[in-house]
Amino acid sequence: MTRSRLQIVQGGGIPQEPITTDPWQFQAECVEAFVASWRARGFSPVTIDNDTGLLERTLTALGRLAWEVTPEDIDRIVGDLAVAGRATSTRRDYVQIFKGFHRFLQARKAAQIEAAFGVRLVCPVDEFNASRHVGDDSPAQLPPPTPERVTEFFDFLKTRIATARKYAPAARDYALFRTLYHAGLRSEECALLDRADVHFGRRPFGKLHVRFGKGARTSGPRPRRVPMLDHLDLVLRWFLDDVHGKFPDSPVLFADESGGSLHPGTIRNRLRYLMELEGRTAVERFSPHALRRACATHNYERGVDLVAIQQLLGHWTVSSTMRYVRPSATFIEDAYRRAVAGTLGELTREDAPS
């Protein structure tokens with residue numbers, strides 16, 4: 001019987017293709033590979049364009065090769081952004097995009113970088129310079145607009161439809177901001193909705209198919225189906241029947257006047273412009289994201305389960321949803337009155353003669 005034996009074969013490791021000796025060129029190639037990984041994970045073109053620009057600005061501000069960046073460099077660019085008056089969310093975005101790129105280098109390029117440039121990768125983003133969540137110290141955590149304020153704004157938009165020089169954009173604005181509020185969508189999610197994403201037949205309220213929901217931890221888009229609450233289905237049916245046809249033929253739900261998708265920045269600017277027309281002071285104005293937070297808060301105050309609100313907003317965890325909920329100053333008293341009224345009602349029914 002012949003035995004098979006293992007033999008030692010002289011040789012070395014599998015040869016790797018040589019990399020460029022120009023570190024800046026190699027970094028540019030790494031950026032291209034990082035962006036290609038976003039496409040592979042299904043990120044939307046809008047997200048890829050925005051994040052590519054953000055990464056380029058971050059690397060330019062650092063002024064050093066990514067594998068040579070130190071914690072002090074991170075401190076410097078975050079401090080410069082703060083001195084320039086940039087929002088906390090912007091500072092966080094700079095740090096997060098660099099952290100993601102550095103993590104990509106560690107996973108894909110660490111051996112090549114150490115072999116070519118003699119640098120062992122250690123992430124310079126630590127607990128001392130990692131930007132806090134935008135909600136931690138941002139004015140965005142001011143209480144969201146009250147139900148009364150939101151109603152006043154929508155009444156203004158409804159009145160404007162009849163008086164605006166252009167009927168279609170005014171009517172679109174009304175439907176757009178009603179959707180942001182009642183469905184709790186992000187501006188980016190709303191901008192990427194198509195007509196085919198509106199499903200009136202899904203009972204009991206009809207649903208919006210949010211195909212490009214924001215993913216957590218760079219996981220890519222997380223689709224979800226959002227019910228059209230508070231008669232949003234009636235608003236969107238009116239919009240599709242009477243308004244959408246006045247724009248150039250396009251699959252986009254909320255199109256601009258050329259038939260293309262509205263940019264999230266355009267939505268923010270549009271809301272600011274409308275509140276200026278409304279004649280509101282700066283403290284009475286709010287952002288599209290504040291409408292999303294108002295959706296969470298107002299539904300919570302109405303007694304909607306927190307997990308249901310989490311699913312509505314597309315949050316990864318309930319703790320994220322809790323940061324959005326900012327009940328009114330009388331929330332405790334109102335909840336107490338509802339509880340007492342319910343208890344008294346039960347007692348009254350029990351004491352009633354049969």
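Above this text you will find the structure in question.
Quick summary incoming for the structure in this document. Keep in mind that this is a model prediction, so the values were computed, not measured. (Residues numbered from 1 in each chain as written. Predicted model: local features only at pLDDT ≥ 70, side-chain atom pairs only at ≥ 80, totals over all residues. Heavy atoms only, no water.)

## Examining the overall build of the protein chain
- What the protein chain contains, in helices and strands, is 15 helices and 3 strands.
- By the burial criterion, 42% of the 354 residues in the protein chain qualify as buried.
- Counted over contacts in the protein chain with a minimum sequence separation of 6, partners at least 24 positions apart contribute 63%.
- When the accessible surface of the protein chain is summed, it comes to about 20,300 Å², and 53% of that surface belongs to carbon and sulfur atoms. (Helix = DSSP H or I, 4+ residues; strand = E, 2+ residues; numbered from the N terminus. Buried < 20%, exposed > 50% of the residue type's maximum accessible area, 1.4 Å probe, protein only. Contact = heavy atoms within 4.5 Å. Areas by Shrake-Rupley, 256 points an atom, 1.4 Å probe, with all protein chains shown as cover.)

## Some details on the pattern of salt bridges
- One pass over the structure, following the stated rule, counts 17 salt bridges.
- The salt bridge partner of Asp73 is Arg64, with a shortest N-O separation of 3.1 Å.
- Using a relative accessible area of 8% as the deciding quantity, one classes Asp73 as buried.
- Here the residues in one salt-bridge network are Arg149, Glu152, Glu278, Arg280 and Glu284, joined through shared partners. (Salt bridge = Lys/Arg side-chain N within 4 Å of Asp/Glu carboxyl O.)

## Describing empty space enclosed by the protein
- Taken as a whole, this structure holds 1 cavity of 30 Å³ or more when the rule is applied.
- Its volume calculated, the largest cavity comes out at about 40 Å³.
- The wall of the largest cavity is formed by Tyr181, His182, Asp230, Cys295, His298, Asn299 and Arg302.
- Within the residue set of the lining of the largest cavity, elements represented by two or more residues are helix H8 (167-183) and helix H12 (288-301).
- The biggest single contributor to the lining of the largest cavity is H12, with 3 residues.
- Taken together, the residues that form the lining of the largest cavity break down as 2 nonpolar, 3 polar and 2 charged. (1 Å grid on protein atoms, 1.4 Å probe; cavity = no way out; pocket = protein on both sides within 12 Å on 5 of 7 lines; lining within 4 Å. Points joined across faces, edges and corners; volume = space filled by probe spheres on them. Nonpolar A, V, L, I, M, F, W, Y, C, P; charged D, E, K, R; others polar.)

## Regarding the packing of helix H2 (residues 45-62) against helix H3 (residues 71-83)
- The interhelical angle for the contact between H2 and H3, taken along N-to-C directions, is 110 degrees, at an axis separation of 10 Å. By the angle class used here, H2 and H3 are roughly perpendicular. For the crossing formed where H2 meets H3, the hand is right-handed. Here Thr58, Ala61 and Leu62 of H2 lie close against H3, whose contacting residues are Asp73, Ile74, Arg76 and Ile77.
- Of the residues assigned to the contact of H2 with H3, the class counts are 4 nonpolar, 1 polar and 2 charged. (Axes fitted to C-alpha atoms, helices over the stretch in contact; angles between N-to-C directions. Parallel < 35°, antiparallel > 145°, perpendicular 65-115°, else oblique. Left-handed = near helix turned anticlockwise from the far one by under 90°.)

## Quick word on the pairing of strand E3 (residues 224-227)
- Residues of E3 alternate between two faces, with Arg224 and Val226 buried on one and Arg225 and Pro227 left unburied on the opposite face.
- In terms of strand pairing, strand E2 (residues 207-210) meets E3 through 4 bridges, oriented antiparallel. Following the sheet pairing, Leu208 is matched in E3 by Val226. (Pairing = 2+ DSSP bridges.)

## Here we look at the pairing of E2
- Of the pairings in the sheet, the one linking strand E1 (residues 198-199) to E2 comprises 2 bridges and is antiparallel in character. Within E2, the residue paired with Val198 across the bridge is Leu208.

## Section: the nonpolar core
- Core analysis: the biggest nonpolar cluster contains 51 residues, and Phe153, Phe154, Phe177, Leu185, Leu208, Leu236 and Phe254 have the highest contact counts within it.
- Among the secondary structure elements, those contributing two or more residues to this core are helix H7 (147-163), H8, helix H9 (187-191), E2, helix H10 (232-243), helix H11 (264-278), H12 and helix H13 (306-313).
- Those residues in contact with Phe177 that sit more than four places away from it in its chain are Phe153, Phe154, Leu157, Ile267, Arg270, Leu271, Leu274 and Leu291. (Core = buried A, V, L, I, M, F, W, Y, C linked by side-chain atoms within 4.5 Å.)

## Quick look at unusual backbone geometry
- In this model, Arg203 is joined to Pro204 through a cis peptide bond whose omega is 0 degrees.
- When you line up the elements, Pro204 lands in the loop between E1 and E2.
- Phi is positive for His231, which is not a glycine, with a value near 65 degrees.
- Its location among the elements puts His231 in the loop between E3 and H10.
- Look at His231 and you get exposed, because its relative accessible area is 58%.

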